[in-house]
Amino acid sequence: MELIAAGKTDTGIVRSNNEDNFIVDEKRGLLVVADGMGGHAAGEIASKIAVSVISEHLLGRQRFFGEYNNLYSPSTNNLNSALRLANSAILEAAASSPQLHGMGTTVAAAMICGNRLTIAHIGDSRVYLVRSGNIEQLTDDHSVVNEQVNRHLITPEEAANSLSKNYLTKALGISADMEADLSELTLLSGDILLLCTDGLSNMVTDEKMLEAIMLAHKPAAICDLLISKANEEGGKDNITAVIGSIGKTKWHSILFNYMAFLRR
Amino acid sequence: MVRVLLKYKGAVVKEVILRNQVTTIGRKPDNDIVIDNQAVSGHHAQLIKNSNDLVAVEDLQSLNGTYLNGQKVANAELYNGDIVSVGVHTLDIFSDKKRDAEAKTFAVRGRSMDETVIIAAGDQKKILSASDKRAPEILGGFIVIEGSAAKKQYELSERVSVIGKQEGSAIVLSGFFSPSIAAIVNRRKDEYFITPSDGKKLKVNGKEIAQRHDLKDGDIVEVGKLKLQFYLND
């Protein structure tokens with residue numbers, strides 16, 4: 001499958017600095033968003049380390065990190081390994097400087113391999129799938145509120161209004177034994193992926209996000225629209241949106257790649 | 001505002017928002033937070049809120065004592081991230097009031113502006129282990145009753161699956177006039193629901209549906225030339 005993607009990040013209206021980071025790599029089919037936390041500039045550093053370590057780990061001839069899980073495909077395992085590496089990189093950086101002590105970050109990562117999608121996430125950054133006019137959240141937030149919903153202690157409606165939405169149960173850089181949630185999905189031509197930080201999902205409802213995605217066409221235009229909607233609603237946090245549009249690999253692009261290959 | 005999560009062996013039992021000046025904790029039913037456990041005294045302890053929204057815990061001369069972050073206390077102020085133990089139950093405190101960073105015995109970290117907080121390692125473990133012990137997800141799918149399909153049974157493990165002609169569909173429809181996407185089946189935890197694709201014909205239990213339908217074990221779905229029965233594994 002061919003990926004056409006774009007990403008945008010915005011500080012929002014209330015915050016003075018942006019602690020979000022993202023990576024969009026159409027060629028390798030990799031999309032990542034990260035929302036950092038920690039005093040001073042530590043949050044920005046944590047999310048930056050996360051996206052760059054994940055990207056570099058997947059680019060290079062990687063040494064596998066941690067245990068291989070046979071329930072998942074090799075690419076899912078590679079992505080998981082990249083998140084583990086990012087986790088230890090953040091822990092290491094935090095240990096090296098008292099100012100960085102305590103920093104952490106969420107991560108939501110999607111990787112496309114053929115017609116298979118791999119998702120790994122930790123924290124409350126999300127991956128959504130828009131398919132045939134419907135939007136579906138593919139990740140379960142690692143937040144106290146969501147854990148309560150899972151145990152049927154509160155309803156999803158109560159969760160949306162809860163004040164303790166910002167309590168995370170998992171994040172990168174907090175402990176050495178972090179494990180991300182993994183999932184896989186078969187992609188169809190026409191699917192649209194949205195990765196975002198809570199600055200978007202806490203401000204804009206799923207329905208309104210869907211409206212924006214259906215309204216704008218180009219990924220970059222969708223990102224702009226989503227961010228402006230989040231700011232209209234108050235922009236209380238940093239906002240990051242990454243849009244990936246999935247299409248069939250066209251014959252001319254195969255030819256083009258082949259030509260590019262010959263020219264090397 | 002101060003919130004308390006009552007937990008038993010790491011699993012959240014309930015969430016309490018402290019609205020009153022005094023919130024009593026004990027085994028007897030006249031308490032505000034009733035903990036029906038032999039390790040808890042009839043009137044074990046109480047949480048007292050002052051006008052500044054600062055909460056303190058006071059032990060009511062209980063038999064087994066009240067502990068704050070592992071230390072026995074008679075009376076102590078509570079800050080965000082504190083854990084109060086009463087018998088084998090714990091009360092996790094979520095408050096705007098934070099202990100000085102240096103005095104903290106365990107890490108509760110704030111995103112800038114004190115927005116997002118990661119639950120302390122010990123506490124986090126409890127929540128995590130509780131969530132890991134969550135029953136494995138219950139899967140379901142369709143059995144083909146009528147019509148020709150590649151398989152007799154389709155288990156749908158992905159979050160969003162498609163019934164249609166398009167490449168990548170979980171249940172592939174054949175035939176020239178079949179829609180590329182006829183319907184979408186979503187899986188959320190142990191629940192499945194089906195939604196017809198825009199303007200496409202879909203029958204559930206003999207009735208045509210236009211909106212999302214929550215699937216129940218045994219539902220009959222008719223799509224294209226296929227008749228499918230939904231099942232949910234036990």
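Look above for the structure.
Here's what I pulled together on the structure shown here. Just so you know, these numbers come straight off a predicted model, no measurement behind them.

Our focus in this paragraph is the pairing of strand β3 (residues 30-37) of chain A. All names here are of chain A. Counted residue by residue, β3 has 8 buried out of 8 residues, so it is predominantly covered. Here β3 shows two buried faces, one formed by Leu30, Val32, Ala34 and Gly36 and the other by Leu31, Val33, Asp35 and Met37. As judged from the 6 bridges shared by strand β2 (residues 20-25) and β3, these two strands associate in the antiparallel manner. Within β3, the residue paired with Ile23 across the bridge is Val32. The hairpin turn running from β2 into β3, its antiparallel successor, is 4 residues long, and Gly29 in that turn takes a positive phi close to 70 degrees. Bridging between β3 and strand β4 (residues 104-113) involves 8 bridges; their strand directions are antiparallel. Paired with Gly36 across the strands is Thr105, a residue of β4.

Residues and elements named next belong to chain B. Sheet architecture is open: 6 strands sit in the order β2-β1-β11-β10-β7-β8, paired in antiparallel fashion. Unpaired on one side and paired on the other, β2 (11-17) and β8 (71-73) mark the two borders of the sheet. Each adjacent strand pair in this sheet contributes to an overall mean axis angle of 30 degrees, direction not counted. Bridge count between strand β1 (residues 3-8) and strand β11 (residues 89-94): 6 bridges; the pairing is antiparallel. Following the sheet pairing, Val4 is matched in β11 by Ile93.

Take the environment of Gly102 of chain A next. Here Gly102 of chain A is to be found in the loop between α2 (74-96) and β4. In the structure, Gly102 of chain A is positioned 13 residues away from Ala89 of chain A in sequence and 13 Å away in space, judged by C-alpha atoms.

What follows deals with the packing of aromatic side chains. All names here are of chain B. Under the criterion given, the structure shown has 5 aromatic pairs over all chains. Ring centres 5.3 Å apart and planes at 90 degrees place the aromatic pair Phe176 and Phe177 in the edge-to-face group. Looking at Phe176, the relative accessible area reads 70%, which means it is exposed. Three or more aromatic residues joined by ring pairs form one cluster here, namely Phe142, Tyr192 and Phe230. Directly above the ring of Phe176 sits Lys165, whose terminal nitrogen or CZ lies 5.8 Å from the centroid. When the ring centre of Phe193 is taken as reference, the NZ or CZ atom of Arg212 above it lies at 3.6 Å.

A word on helix α1 (residues 42-59) of chain A. Residue and element names in this part refer to chain A. Its 18 residues give α1 an end-to-end C-alpha distance of 25 Å, which sits within 8% of 26 Å, the value for a rise of 1.5 Å per residue. Looking at α1, one finds that the buried residues are Ala42, Gly43, Ala46, Ser47, Ile49, Ala50, Val51, Val53, Ile54, Ser55, His57 and Leu58. Those residues of α1 that are buried lie in contact with β2, β3, α2 and β4.

Before going further, it helps to examine a nonpolar patch on the surface. Together, Tyr258, Phe261 and Leu262 of chain A make up an exposed nonpolar region whose accessible area comes to about 360 Å². Within the secondary structure, Leu262 of chain A is located in helix α8 (residues 251-263).

Here the focus is the environment of Leu225 of chain A. All names here are of chain A. As for its position among the elements, Leu225 is in helix α7 (residues 219-232). According to the relative accessible area criterion, Leu225 is partly exposed, its value standing at 23%. In this structure, the C-alpha to C-alpha distance between Leu225 and Leu187, residues 38 residues apart in sequence, is 25 Å. Apart from the residues within four sequence positions on either side, Leu225 is in contact with Ala212, Leu215 and Ala216.

What counts and how
Residues numbered from 1 in each chain as written. Chains lettered and ligands numbered in written order. Predicted model: local features only at pLDDT ≥ 70, side-chain atom pairs only at ≥ 80, totals over all residues. Heavy atoms only, no water. Buried < 20%, exposed > 50% of the residue type's maximum accessible area, 1.4 Å probe, protein only. Helix = DSSP H or I, 4+ residues; strand = E, 2+ residues; numbered from the N terminus. Pairing = 2+ DSSP bridges. Axes fitted to C-alpha atoms, helices over the stretch in contact; angles between N-to-C directions. Phe/Tyr/Trp six-rings, centres within 6.5 Å; stacked < 30°, edge-to-face > 60°. Lys NZ or Arg CZ within 6 Å of the ring centre and 35° of its normal. Expected span 1.5 Å × (residues − 1). Contact = heavy atoms within 4.5 Å. Patch = residues over 30% accessible without salt bridge, like charges linked within 9 Å, V, L, I, M, F, W, Y side chains within 5 Å. Areas by Shrake-Rupley, 256 points an atom, 1.4 Å probe, with all protein chains shown as cover. Salt bridge = Lys/Arg side-chain N within 4 Å of Asp/Glu carboxyl O.

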